[in-house]
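Residues per chain, in single letters:
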Amino acid sequence: MQLSTQALMVQGTTSDAGKSVLVAGLCRVLARNGIKVAPFKPQNMALNSAVTDDGGEIGRAQAVQAFACGIEPTTDMNPVLLKPNSDIGAQVIVHGKAKQDMDAVAYHNYKPFLLNDVMLSFRRLQQQFSTVVIEGAGSPAEINLREHDIANMGFAEEADIPVIIVADIDRGGVFAHLYGTLALLSASEQQRVVGFVINRFRGDIALLEPGLEWLEKKTGKPVIGVIPYIHGLMLEAEDAINIHQTLGDGEKIKVVVLVLPRISNHTDFDPLRMHPSVDLQFIPKGQPLPPADLIIVPGSKSVRADLAFLRSQHWDQQIQRHIRLGGKVVGICGGYQMLGTLISDPYGVEGEAGDSLGLGYLNIVTELKRSKKLKKVRGELRLPNMDPVPVEGYEIHAGESKGVLASAPLWVEGAAEGSLDENNQILGSYLHGIFESEQACSALLTWAGLNNVEAVNFAMLREEGINQIADAIEQSLDLQKLWPDFKLNLSKT
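Trainee: Explain the overall build of the protein residue by residue, including any values.
Mentor: From N to C terminus, the protein includes 14 helices and 26 strands. Over its C-alpha atoms the protein spans a radius of gyration of 23 Å, differing by no more than 12% from the 23 Å that the globule rule assigns to 493 residues. Structurally, the protein occupies a C-alpha span of about 70 × 50 × 40 Å along its principal axes. Within the protein, the fraction of its 493 residues that count as buried is 57%. Sequence separation of at least 24 residues holds for 73% of the intrachain contacts in the protein that already meet a minimum separation of 6. Accessible area for the protein stands at about 20100 Å²; split by element, carbon and sulfur atoms hold 49% of it. Positive and negative side-chain charges in the protein, numbering 44 and 58 respectively, have mean positions lying 2 Å apart.

Trainee: Could you give an account of the packing of aromatic side chains, naming the residues involved and the relevant values?
Mentor: All chains considered together, the criterion is met by eight aromatic pairs. Ring centres 5.7 Å apart and planes at 85° place the aromatic pair phenylalanine 309 and tryptophan 315 in the edge-to-face group. In this structure, phenylalanine 309 and tryptophan 315 share a single accessibility class: buried. Here the aromatic cluster, defined as three or more aromatic residues joined through ring pairs, consists of Phe40, Phe122 and Phe155. Looking at lysine 36, its charged tip hangs above the ring of phenylalanine 129, at a distance of 5.5 Å from the centre. Over the aromatic face of tyrosine 229 sits the side chain of arginine 202, whose NZ or CZ is 3.6 Å from the ring centroid.

Trainee: Please set out the sheet that holds strand β8 (residues 97-103) residue by residue, giving values where relevant.
Mentor: What links the strands of a sheet is backbone hydrogen bonding, and the strands pair in either a parallel or an antiparallel sense. Taken in spatial order, the four strands make up an open sheet running β3-β6-β7-β8, and their pairing is mixed. In the strand order of this sheet, the two ends are held by β3 (43-45) and β8, each with one partner. Each strand of the sheet is rotated relative to its neighbour by a mean of 25°, with strand direction disregarded. When β3 meets strand β6 (residues 80-84), the two strands line up parallel, connected through three bridges. For glutamine 43, the partnering residue across the bridge sits in β6 and is valine 80. Packed onto the sheet, helix α3 (residues 104-128) meets β3, β6, β7 (89-94) and β8 and runs at close to 145° relative to β8.

Trainee: Which residues make up the pairing of strand β9 (residues 131-135), and what values go with them?
Mentor: With five of five residues buried, β9 lies mostly within the body of the structure. Going residue by residue along β9, you find Thr131, Val133 and Glu135 tucked away on one face and Val132 and Ile134 tucked away on the opposite face as well. One ladder, built from four bridges, connects strand β1 (residues 7-12) with β9; its direction is parallel. Each residue of the ladder has a partner; that of alanine 7, found in β9, is valine 132. Where strand β2 (residues 37-40) lies against β9, four bridges are found, and the strand directions are parallel. Opposite phenylalanine 40, over in β9, you have isoleucine 134 as the bridge partner.

Trainee: Provide a residue-level description of the environment of glycine 379, including the pertinent values.
Mentor: Topologically, glycine 379 is positioned in strand β21 (residues 364-381). Spatially, the C-alpha atoms of glycine 379 and glutamate 417 are 9.6 Å apart, while their sequence positions differ by 38 residues. Excluding residues within four positions of it along the chain, glycine 379 makes contact with Val389, Pro390, Val391, Trp411 and Val412.

Definitions and limits used
- Residues numbered from 1 in each chain as written.
- Predicted model: local features only at pLDDT ≥ 70, side-chain atom pairs only at ≥ 80, totals over all residues.
- Heavy atoms only, no water.
- Helix = DSSP H or I, 4+ residues; strand = E, 2+ residues; numbered from the N terminus.
- Rg over C-alpha atoms; globule rule 2.2 N^0.38 Å.
- Buried < 20%, exposed > 50% of the residue type's maximum accessible area, 1.4 Å probe, protein only.
- Contact = heavy atoms within 4.5 Å.
- Areas by Shrake-Rupley, 256 points an atom, 1.4 Å probe, with all protein chains shown as cover.
- Lys, Arg positive; Asp, Glu negative; His and termini not counted.
- Charge placed at Lys NZ, Arg CZ, Asp CG, Glu CD.
- Phe/Tyr/Trp six-rings, centres within 6.5 Å; stacked < 30°, edge-to-face > 60°.
- Lys NZ or Arg CZ within 6 Å of the ring centre and 35° of its normal.
- Pairing = 2+ DSSP bridges.
- Axes fitted to C-alpha atoms, helices over the stretch in contact; angles between N-to-C directions.

Here it is, written out as structure tokens:
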């Protein structure tokens, strides 16, 4: 296929092959070469989302990719977002706004109607930017999903754009993944593939070269490059929980996060994962809560169902013991609602209509509404016996909570927000991203019991991570093959 500078699509042999990170890195390489670039993902399925300036909701990965481009994220960068709320269904979000819940069969039949929305967003980006780097979803070789596809080759064919396929060698079977994926595509789709990228390679590349030669000879497609395994890479994951940590010397505070079945925006806790003085653990199903200084009940896409799951794990009893022994608890968004006295869903917003008793630690009552609140906010965190510190983040929730606001720990957009119990042990807030604010993160860690808190600039760590992958891409990939019309100043070694 004739290469064009207007767009390039990155597809993967599997989920978590490295598509999101590769797109972010490519965007950064182009941006620092002075090229006006934007990211795009036609359809994303993820419970990690971000709020755009215009009050829309997109996948968190596309927001990070926009930052890599040096631009603000918009809803056009991810026109279709699916947020699973059960094993067979999801909330369908189009151009940043929730439309309706659908099961898998209904959504599959609905996809052809979404193609116009996807193409409208893509064409708008093409009009504004010199090039667009597009991320696929999962694998293009999922036979059962090929019909009506808008996420991978279905979109590439409609948009008439070239594709590269990336595979993760760290998983094993990389040549089978690449060869098999290409073989399962149609003839026209195969012609659209302009090359392969192998990701996360460890060792001497000379040992890999016979395999690369075989792959190129067998498929007729070039290997654009091999990206090495980057140790200590700190970049937000699209959906899978990243448990890699940076731990420094000295005092540590132990923080545990409950892994609920529909946990949302677990990237809220990346600043804690990256903090050298925080020992962060995500606790999955079937494991008791270990001794900790701070327990975090995270956001949830299905609050009442996840609250029932929490109780089924006996985590409610373990939280109660933790509090009795003087430990601290933070609830974010859905977790905040769970810490209250009652969650009511009269309209069946997140499942069967009904009420659920909360854990009863905060004096709030929550009612789930049909409309969702999507908003970026700024304000102050006001904890007892501490000076107020600035905080910013975003709200994504369908619930409206009412209760005593006299002890609210936050002042946001001119109003009290969140709740703090009278014993100064249990804090709840709707604010996602609260730990990303450097001073607010330090204040919360101090509140939780850490002495001599070291301030960590999360935004700078994210920048370093993006630059790290961009540097590796520059040194490993033949980018001039992908963008022959761009003059790229690359620092190859």
